[in-house]
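Structural features, examined
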Amino acid sequence: MRLDQVTLREIRLRLVKPFETSFDRADERRVLLVEVQSSGISGWAEATVDADPFYSYETIETAWHIIRDFLWPMVRGRELAAADIWDSLARVRGHNMAKGGLETAAWDAEARQKNLPLWRHLGGTRQEIPCGVSIGIKPTDAELIDAVAEELRAGYQRIKVKIKRGRDVEPLAALRERFPRIRLMGDANCDYRPSDIPHLKTFERFFLMMLEQPLAYDDLYAHRELQQATSTPICLDECIHSWAHARAAIELGACKIINIKLGRVGGHTAARRIHDLCRDRSIPVWCGGMLESGIGRAHNIAMSTLENFTLPGDVSASKRYWHEDIIDPPVEVSQQGTILAPDRPGSGFAPKLDMIERLTVRHEVLR
Ligand code: OSB
Ligand code: MG
């Protein structure tokens, strides 16, 4: 494909309900949309940055700057397969969310040109993917139990709850008492310290499916110490930005499961390489979420059809996040807690251009 033009757009979307983690509380998202044009065909994606550098160092401002001033000039006007874009951008170190936004948009455009569903173009093998939900920190255990009950009624196969220091044992114990047999996990988003390892070990009594990223974002070794000390499977999120990080984590014994996010690892090619490594080492993976709009969510669905995405991901229905999503049709989840990847070309979801236009607060065309 020849890469002719990129349009960057920022839109603002208000969440159906606020989402609280150990590091932030969000009621709105500033979404960075990337449209790549190639021979008259558009591909769409989202650079999954936040406004603040709290989950990762990237922000909407850095991603805009890096795409416009560095990434786009490296591929502009070139004849490149989508699968080769990641390696073409290697001179820029890091900035994976910026890279992922550009690269995944190109994959969508290429799949549309070939008239192929993106998930098949990526090599996906399972059209129906298992889904879980991620539930934010709630002020009381009663509210948390109600939220979990609602998601179980909707059919979701796995419940993840956000935890933090001082808001962990009590809610987990309350949930296990009320729901003894569900697939339950916790995500601490790096809130604990190595000195908390004895405390984290006591979570064994909750029989969690896994504990996600309890320790620092840059501390693989501390996760190894924890994983050696506990029978609870540790899943890494913030620690894994590359194939090399994934290999080090596996070789160290720092985790038993890896959460793959397209933005954090830099797009479909990088994600697929990590997926293949994990498959070869018998490490299951699942698709993480960044409260994406439908445009980012569509890419998560396509990636989740790869064979080693065996665990339910944080890929949930549009209506859990947005009163009206920016794609048509919205993402829907079956009563069995699954999403069916569409048979339509590209991501299979059409951006609602009028709505996007109306919500755009700034845009820039790069040629
Ligand atoms: O740690 O997985 C995370 C949202 C924003 C930033 C980090 C995380 C999350 C989620 C939400 O858990 C997943 C989703 O529903 O999109
Ligand atoms: Mg996480």
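With that settled, consider the site of ligand 1. As a matter of local geometry, ligand 1 sits amid 15 residues, with Ser134, Lys162, Asn189, Leu291 and Tyr321 nearest to it. At 2.9 Å from an oxygen atom of ligand 1 is found a side-chain nitrogen or oxygen belonging to lysine 162. Between an oxygen atom of ligand 1 and a main-chain N or O atom of leucine 291, the distance comes to 2.9 Å. For ligand 1, the protein covers 98% of the area, taking 390 Å² as the surface of the free molecule. Of the residues in the shell around ligand 1, the class split is five nonpolar, three polar and seven charged.

Take the coordination of the magnesium ion (ligand 2) next. Coordination of the magnesium ion (ligand 2) by the protein comes from Asp187 (OD), Glu212 (OE) and Asp237 (OD), over a distance range of 2.1 to 2.3 Å. All donor residues of the magnesium ion (ligand 2) come from one chain, and their arrangement in sequence is D-x24-E-x24-D. Of this pair, aspartate 187 sits in strand E7 (residues 184–187) while glutamate 212 is found in strand E8 (residues 210–212), placing the two residues 25 residues apart along the sequence. The same class applies to aspartate 187 and to glutamate 212, which are both buried.

The next thing to look at is the domain arrangement of the protein. Segmentation of the protein into domains returns domain 1 (5–115 + 352–366) and domain 2 (120–340). The interface of domain 1 with domain 2 comprises 38 residues on the first partner and 44 residues on the second. Roughly 3600 Å² of surface becomes buried between domain 1 and domain 2 when both sides are summed, with 62% attributable to carbon and sulfur atoms. Taken together, the connections running from domain 1 to domain 2 amount to three salt bridges. Here arginine 273 ties to aspartate 87 by a salt bridge, and the two come within 2.9 Å at their closest N and O atoms. For the pair domain 1 and domain 2, the interface holds 21 residue pairs in polar contact (both at pLDDT 80 or more).

Calculation rules
- Residues numbered from 1 in each chain as written.
- Chains lettered and ligands numbered in written order.
- Predicted model: local features only at pLDDT ≥ 70, side-chain atom pairs only at ≥ 80, totals over all residues.
- Heavy atoms only, no water.
- Near = heavy atom within 4 Å.
- Polar contact = N/O pair within 3.5 Å; in protein donor to acceptor, adjacent residues only side chain to side chain.
- Areas by Shrake-Rupley, 256 points an atom, 1.4 Å probe, with all protein chains shown as cover.
- Nonpolar A, V, L, I, M, F, W, Y, C, P; charged D, E, K, R; others polar.
- Donors = N, O, S within 2.8 Å, 3.2 Å for Na, K, Ca; no water.
- Helix = DSSP H or I, 4+ residues; strand = E, 2+ residues; numbered from the N terminus.
- Buried < 20%, exposed > 50% of the residue type's maximum accessible area, 1.4 Å probe, protein only.
- Domains from an automatic or database assignment.
- Contact = heavy atoms within 4.5 Å.
- Buried area = accessible area lost by both parts, 1.4 Å probe.
- Salt bridge = Lys/Arg side-chain N within 4 Å of Asp/Glu carboxyl O.

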